[in-house]
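Analysis of the macromolecular model
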Amino acid sequence: MQEHRRYCSQLFVLLVLFIISLYIVPISGKNGSGLIEVDVGVILDADHMVGKVSQSCISMALEDFYALNQNHSTTRIVLHKRNSKGDVVEAASGAIDLLKNVQVQAILGPQRSSQAEFVIDIGNKKQVPIISQATSPTLSPTDNPYFIRGAQNGSSQVESLTAIVQAFGWREVVLIYEDTDYGRGVVPFLTNSFQGISTQIRHRSVLSLSASDDHILEELYKLKTMQTRVFVVHMLPFLASHFFTKVKQAEMMNTGYAWIITDGLTSLLDYMDPTVLKSMQGVIGVKPYVPKSSQLENFKVRWRKRFRQENPNVDIFEMNVFGLWAYDSTTALAMAVERSGIGVSKFKKPVAKENLTDLTAIGISEMGPRLLQSLQNIEFNGLSGKFHLLNGQLRPSSFQIVNVIGKGDREIGFWTRNNGISKNLSLPSSKNYSTNKDDLGAIIWPGESNVVPKGWEMPTGEAKLRVGVPVKNGFMEFVSVKRDSQTNAVIATGFCINVFKEVMDHYLPYAVPYEFLPFETPDGESAGSYDELVYQISLGIYDAVVGDITIVSNRSRFVDFTLPYTESGVAMVVPFEDDDRKNAWIFMKPLKTDLWLTTGVFFVFTGFVVWAFEHRVNEEFRGPPGKQVGMIFWFSFSTLVFAHKEKLISNLSRFVVIVWIFVVLVLTSSYTASLTSMLTVQKLKPSVTDIRDLIQSKEYVGYQKGSFVEGLLKNKAFDTSKFKNYSTFEQYDEALSKGSKNGGVAAIIDELPYIRLFLSKPKYCAKYTMVGPIYKTAGFGFAFPKGSPLVPDVSRAVLNVTEQNVMTRIEEEWLGEGATCAEQDGARVTSDSLTLDSFKGLFIVAAVASFSALVLFLSIFLYENWNTLASNDSSIREKLVAMAKTFDEEKDNSSNASKRKNPTGEGMAVPTAVTADCQQSPASDSQLAEWIFSHDEGLSTTETNTPIHETIEIVESNEQK
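Residues numbered from 1 in each chain as written. Predicted model: local features only at pLDDT ≥ 70, side-chain atom pairs only at ≥ 80, totals over all residues. Heavy atoms only, no water.

**Let's talk about the overall build of the protein**
Basically, it comes down to this: Secondary structure is summarised from DSSP: a helix means a run of H or I of at least four residues, a strand means a run of E of at least two, and numbering begins at the N terminus for each. For each residue, the accessible area found with a 1.4 Å probe, counting protein chains only, is set against the maximum for its type, and the residue is called buried under 20%, exposed over 50%, and partly exposed in between. Note on definitions: a residue-residue contact is assigned when non-hydrogen atoms from the two residues lie within 4.5 Å. Accessible surface area values rest on a Shrake-Rupley calculation with a 1.4 Å probe, where residue burial reflects the displayed protein chains alone.
When you go through the protein residue by residue, the secondary structure sums to 34 helices and 30 strands. Out of the 961 residues belonging to the protein, those deemed buried represent 48%. Restricting to contacts in the protein with at least 6 residues of sequence separation, those with at least 24 account for 72%. Of the roughly 47,900 Å² of accessible surface on the protein, 53% is carried by carbon and sulfur atoms.

**Concerning the pairing of strand S21 (residues 490-493)**
Rules: Between any two strands, pairing holds if DSSP finds at least two bridges.
Relative to S21, strand S20 (residues 480-483) is paired through 4 bridges, and the arrangement is antiparallel. In the sheet register, Ser480 faces S21, and the bridge partner there is Thr493. Remark: 6 residues form the turn of the hairpin made by S20 and S21, two consecutive strands paired antiparallel; Asn488 in that turn has positive phi of roughly 65°.

**A look at the confidence of the model for the protein**
Our working rule: Per-residue confidence from the predictor is reported as pLDDT, which spans 0 to 100.
Residues at a pLDDT of 70 or more form 83% of the protein, whose mean pLDDT is 81. Low pLDDT, under 50, characterises residues 10-28; the stretch is placed with 3 contacts to residues that sit more than four places away or in other chains. Across residues 823-829, where pLDDT falls below 50, the model places 21 contacts with residues more than four positions away in sequence or in other chains.

**Concerning the sheet that holds strand S2 (residues 75-83)**
Rule in force here: Only the contacting stretch of a helix is used when fitting its axis, a line to C-alpha atoms as for every element, and angles between N-to-C directions run 0 to 180 degrees.
What the 8 strands build is an open sheet, ordered S2-S1-S3-S4-S5-S15-S14-S13; its pairing is mixed. In this open sheet, the two strands that pair with only one neighbour each are S2 and strand S13 (379-382). Note that S13 and strand S14 (residues 385-390) share 4 bridges and pair antiparallel. Residue pairing for S14: Gly382 is matched across the bridge by Gly385. Packing of helix H2 (residues 49-68) onto the sheet brings it into contact with strand S1 (36-44), S2 and strand S3 (106-108), and relative to S2 it is tilted by some 170°.

**Concerning helix H17 (residues 530-538)**
Put simply, the rule reads: What the arc describes is the spread of directions from the helix axis to the C-beta atoms.
Within the sequence span of H17, burial applies to Tyr530, Leu533, Val534, Gln536 and Ile537. For H17, the buried positions fall inside an angular range of 140° around the axis, keeping them on one side. Summarising the contacts, the buried residues of H17 are in contact with strand S19 (465-470), strand S22 (514-519), strand S23 (544-545), strand S24 (559-561) and strand S30 (783-785). A positive phi of about 85° marks Gly540, the residue just after H17.

**Some remarks on a nonpolar patch on the surface**
Put simply, the rule is: Patches here are clusters of residues that have more than 30% relative accessible area and form no salt bridge, with a 9 Å joining cutoff for like charges and a 5 Å cutoff for nonpolar side chains (Val, Leu, Ile, Met, Phe, Trp, Tyr). By convention in these notes, a salt bridge is any Lys or Arg side-chain nitrogen within 4 Å of a carboxyl oxygen on Asp or Glu.
Together, Tyr535, Leu539, Ile541 and Phe558 make up a nonpolar patch on the protein surface, roughly 340 Å² of accessible area in all. Here Phe558 is to be found in the loop between S23 and S24.

**Observations concerning the environment of Ser208**
Our working rule: Under the rule applied, a polar contact is a pair of N or O atoms within 3.5 Å (in protein, one hydrogen donor and one hydrogen acceptor; residues adjacent in sequence only if both atoms are side-chain atoms).
By secondary structure assignment, the location of Ser208 is in the loop between strand S7 (200-207) and helix H8 (213-224). In sequence terms Ser208 and Leu239 are 31 residues apart; their C-alpha atoms lie 8.3 Å from each other. At 3.1 Å, the side chain of Ser208 forms a polar contact with the side chain of Ser210.

**Here's the deal with the pattern of salt bridges**
Taken as a whole and assessed by the stated rule, the structure comprises 29 salt bridges. Across the pair Arg184 and Asp179 runs a salt bridge whose closest N-O atoms are separated by 2.4 Å. Accessibility expressed as a relative area gives 40% for Asp179, which makes it partly exposed. Lys714 is the salt-bridge partner of Glu710, the closest N and O atoms lying 3.7 Å from each other. Note that Glu710 and Lys714 are positioned in helix H22 (residues 709-715) at a spacing of 4 residues, about one turn of the helix. Judged by relative accessible area, which is 44%, Lys714 ranks as partly exposed. Here the salt bridges share partners, and the residues they tie into one network are Glu63, Arg306 and Glu310.

**Notes on the sheet that holds strand S10 (residues 284-288)**
Two orientations exist for strands paired in a sheet by backbone hydrogen bonds: parallel and antiparallel. Taken in spatial order, the 8 strands of this open sheet run S7-S6-S8-S9-S10-S16-S17-S18, and their pairing is mixed. Of all strands in the sheet, those with a lone pairing partner are S7 and strand S18 (420-422), marking the two edges. Neighbour-to-neighbour, the strand axes of the sheet open up by a mean angle of 30°, direction not taken into account. Along the sheet face, H8 touches strand S6 (172-178), S7 and strand S8 (230-234) and points at about 170° away from the line of S7.

**Structural notes on unusual backbone geometry**
In this structure, Pro110 follows Gly109 across a cis peptide bond, with omega equal to -5°. Here Pro110 lies in the loop between S3 and helix H4 (113-126). The phi dihedral of Lys85 falls on the positive side, at around 55°, and the residue is not glycine. By the secondary structure assignment, Lys85 is in the loop between S2 and helix H3 (88-102). The class for Lys85 is exposed, based on a relative accessible area of 52%. Positive phi, normally seen in glycine, also occurs at Asn488, with a value near 65°. Within the fold, Asn488 resides in the loop between S20 and S21.

**Some words on the packing of aromatic side chains**
Selection rule: Here is the rule: rings of Phe, Tyr and Trp (six-membered ring for Trp) pair when centre to centre is within 6.5 Å. Planes less than 30 degrees apart are stacked, more than 60 are edge-to-face, and the remainder are tilted.
Scanning the entire structure with this criterion turns up 42 aromatic pairs. Ring plane angle 20° and centroid distance 4.4 Å describe the contact between Phe231 and Trp259, whose orientation is recorded as stacked. On the criterion of sequence distance, the pair formed by Phe231 in strand S8 and Trp259 in strand S9 (residues 258-261) is long-range, its members being 28 residues apart. By the burial criterion, Phe231 is buried, and Trp259 matches it.

**So, the pairing of strand S26 (residues 701-704)**
Worth spelling out the cut-off: Crossovers are marked right-handed if the path from the first strand over the helix to the second runs clockwise, as seen with the strands pointing away from the viewer.
Neither face of S26 is exposed, since Val701 and Tyr703 on one face and Gly702 and Gln704 on the opposite face are all buried. Taken together, S26, H22 and strand S27 (residues 723-726) constitute a β-α-β crossover, and its handedness is right-handed. The sheet contact formed by S26 and strand S28 (residues 747-751) spans 2 bridges and is parallel. Directly across from Val701, in S28, lies its bridge partner Ala747.

**Re the side chain of Asn320**
For Asn320, the position within the fold is in the loop between helix H12 (294-310) and helix H13 (321-340). Among the polar contacts listed, one links the side chain of Asn320 to the backbone nitrogen of Gly323, at a separation of 2.8 Å. If we ignore the near neighbours within four places in the chain, the residues touching Asn320 are Val53, Ser267, Leu268 and Tyr271.

**Regarding the packing of helix H16 (residues 495-507) against helix H27 (residues 805-815)**
Heads up, the rule is: The labels follow the angle: roughly parallel below 35 degrees, roughly antiparallel above 145, roughly perpendicular from 65 to 115, and oblique for the rest. When the near helix sits turned anticlockwise from the far one by under a right angle, the crossing is termed left-handed; a clockwise turn instead gives a right-handed crossing. Gly falls in the polar group here, along with every residue not listed as nonpolar (Ala, Val, Leu, Ile, Met, Phe, Trp, Tyr, Cys, Pro) or charged (Asp, Glu, Lys, Arg).
One way to put it is that H16 packs onto H27 with a least axis distance of 9 Å and a crossing angle of 150°. Taken as axis vectors, H16 and H27 run roughly antiparallel relative to one another. Between H16 and H27 the crossing geometry is right-handed. Facing H16, whose interface residues are Phe495, Asn498, Val499, Glu502 and Tyr507, H27 presents Val806, Met807, Arg809, Ile810, Glu811, Glu813, Trp814 and Leu815. For the contact of H16 with H27, the class distribution of residues is 8 nonpolar, 1 polar and 4 charged.

**Quick notes on the packing of H13 against helix H15 (residues 368-375)**
Angle between the axes and distance between the axes: these two values describe a pair of packed helices. Packing of H13 against H15 brings their axes to within 8 Å, and their N-to-C directions diverge by 120°. Of the possible angle classes, the one that applies to H13 and H15 is oblique. Crossing of H13 over H15 shows right-handed handedness. Side by side, H13 and H15 meet where Ala332, Leu333, Ala336, Val337, Arg339 and Ser340 of the first sit next to Arg370, Leu371, Ser374 and Leu375 of the second. Residue composition of the contact of H13 with H15, by class: 6 nonpolar, 2 polar and 2 charged.

**Points about the environment of Leu648**
Along the polypeptide, Leu648 turns up in the loop between helix H19 (625-638) and helix H20 (651-681). Along the primary structure Leu648 and Glu620 are separated by 28 residues, whereas in three dimensions their C-alpha atoms are 9.2 Å apart. Apart from the residues lying within four places of it in its own chain, the contact partners of Leu648 are Val610, Glu614, Asn618, Phe621, Phe635, Ser653, Arg654 and Val657.

**What to know about the environment of Asp47**
With respect to the element layout, Asp47 can be found in the loop between S1 and H2. Residue Asp47 is classed as exposed on the basis of its relative accessible area of 57%. Sequence separation between Asp47 and Ser84 is 37 residues, and the spatial gap between their C-alpha atoms is 8.7 Å. For Asp47, the residues in contact, after removing those within four places along its chain, are Lys52, Asn83 and Lys85.

Right, dumping it as structure tokens:
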């Protein structure tokens, strides 16, 4: 019993001691100082210079971090290094080893994209953050949540490369890259970016890492035969060392060439052999900009000392941006570990199953998600500049643009996302984005040249530019192709040919040899339409096409056109309309129907108004109703020819008639002018004025053979059975003369330059005229291959030619000085009928005058007969009848009575001589009439000393008779 108690007490003591040990003795994962140890793996290529540099930087980063935070740090990162040996399998096996045997919480590296891809996939499955400097855009933190890119994305440099190409105006580039994930990853981004500035990637050259020198030379010689002389190289130093040595050997590092290298190579130029750098003189490169700081300079001093100790056999002691990123990434990891408060490394094992693989048996990290959360959006000022992890990768910074000169590179400028290219980074915030080459420093180009390469040259294997020209039987003024009878050499002439020669020979800033090649069959006939001729460029048969080639949309799908050098548009040529002077009713055409009707209404209305004013006071406007109606029409219409003889007594009548006669004067003058014009120039009216009339009437139409106009007419819904094509102006004339019903056409539809030339000839301009333009085109242009670097230079030269007198000289030489008849410009000298709109003002004036006078007359009449209207003894009907009778009665007019009888009872004074001779001379009656008319006008013709009483007797006796 006692022994049993002793045994129980011993067990109790052991239990107490065990519990105390849990609080006193450090647990696994803690060192003697009480700090939590966090295992972190490092996978680097220790045999490569970049790996060596990064490895030393990672160790120094932890030492610096814990030295700076020794008083409040609760963790310690313990590094476990593995050498990838530049092999994907070694990198993957190293990662599995670190996870299985060490159970690391994170892995730094690897730096090569191909190795990182496998390690990142493992990290995603085990939920362990992988912090790598792999720059390939194919590795995306979005698709791989446990991938942290401790470097700038390779696609971030694309805009800086594009800005350089845009600054120098290069329209074509050749892309050369290595056949790896790193090489292929940036290609889609470069392609899209260059397309955004209309620069074409003419060729892509892909080189394997194992490519032999002979294969590289073969590829370079192929590139040398192309026009493009701008090359963008995206490869790492291993392959670049062989490549640029062969570039120098192939004589492609000479004047006229431009070479641009990406950041992966530019950042590591210090590690390349001097002989390789010698073959890269004049190359331009971009690399991430690392701002200078005292902290960085101090670190470099310490790092060199340590690196020499760790690598005594290495001769190069230069820091690179990948080492700085490794330092900053390690610092970021140490900060995240402190923030996350992670403890003992622990992996959640899977449920026990048979045949588990090593990777599956590892389990999933429980601390990984917390550590990943702490790494997100971490930001601090590191050795490489502002280190900000945004969306799982380092936020892009500025790029430094360098020029390879001597034993290294020389800074020539910078590129930033906000300001573009600049010589320095101290720029105002208001500065606009720039792609101006003047914002870069002086550049030494390949061949030690200071002249900017134009970006292309004629291919080495082809001495001349092959220029296709159309072969045609007519319109020789534009293009004519003949062969020398002795040498069989092609002789091309014409307006278009001369413009091209002027542009190429005198206005391009460089010499371009060329030769004309006719587009013909073996028997010398045209080999096809203009569309087929243009298509030959895309087939590689011609390098350019010159002639009367119109710029249209369907052709621009295969070629690039220069700016046009002629006027644009499509128009119709139609005969003049038949002479209309034989029409029996042509006298009705000067005025439109509405004007005829309005004029007639005003004639009647004016006659009525005058009759109303004169009816009571003028004997000539009185009488039976039929006579009065006739007087209304007679008086008004007689004013048309100013034949009215009735004397007007009322002042209101005289006012109305004066205004109306002015209206009649204008109308008759306009009528006479219009009728005269119709009888003289009516023949100049075109027979067709609208293309829709041709479609509706189903007339035959003609066009130039081989022209794009045929397709245009089809789009306009013309009946194709009504098409006829012609090749010469003579055929145009014959077809138009016959007409559509006699085997010809109703109209010729062609481009303006041809129509202008056709109508400039005197024998044609008198018979035909132009209608239109009916369709807009861009004019004639020169065609080149898609993306040809010649297009912008030739376009600028075309502008110079068209803006100077040289174009006028060429036009006068081939197209003449222009026609002497007005019809050449398509002006329709016709006489259209006059419309009411032209005379509205006149009729308004006449109407206002007549209505005003009528209102005034009615007011006076009603005032004079107010007693009748105001009478209460009569009905309204009786009042109206009384007013009508009053209006119909003749008004007593003293001035009228005085014409028959003098107020003193004496007659008119008639000369004695006249009375004495009145029965003897046959002319006495007319003399008397003239005297009486003069008296009616208030004129006195009595002779001096003639007795008045004798005159009275004669007048009275006449009245009695």
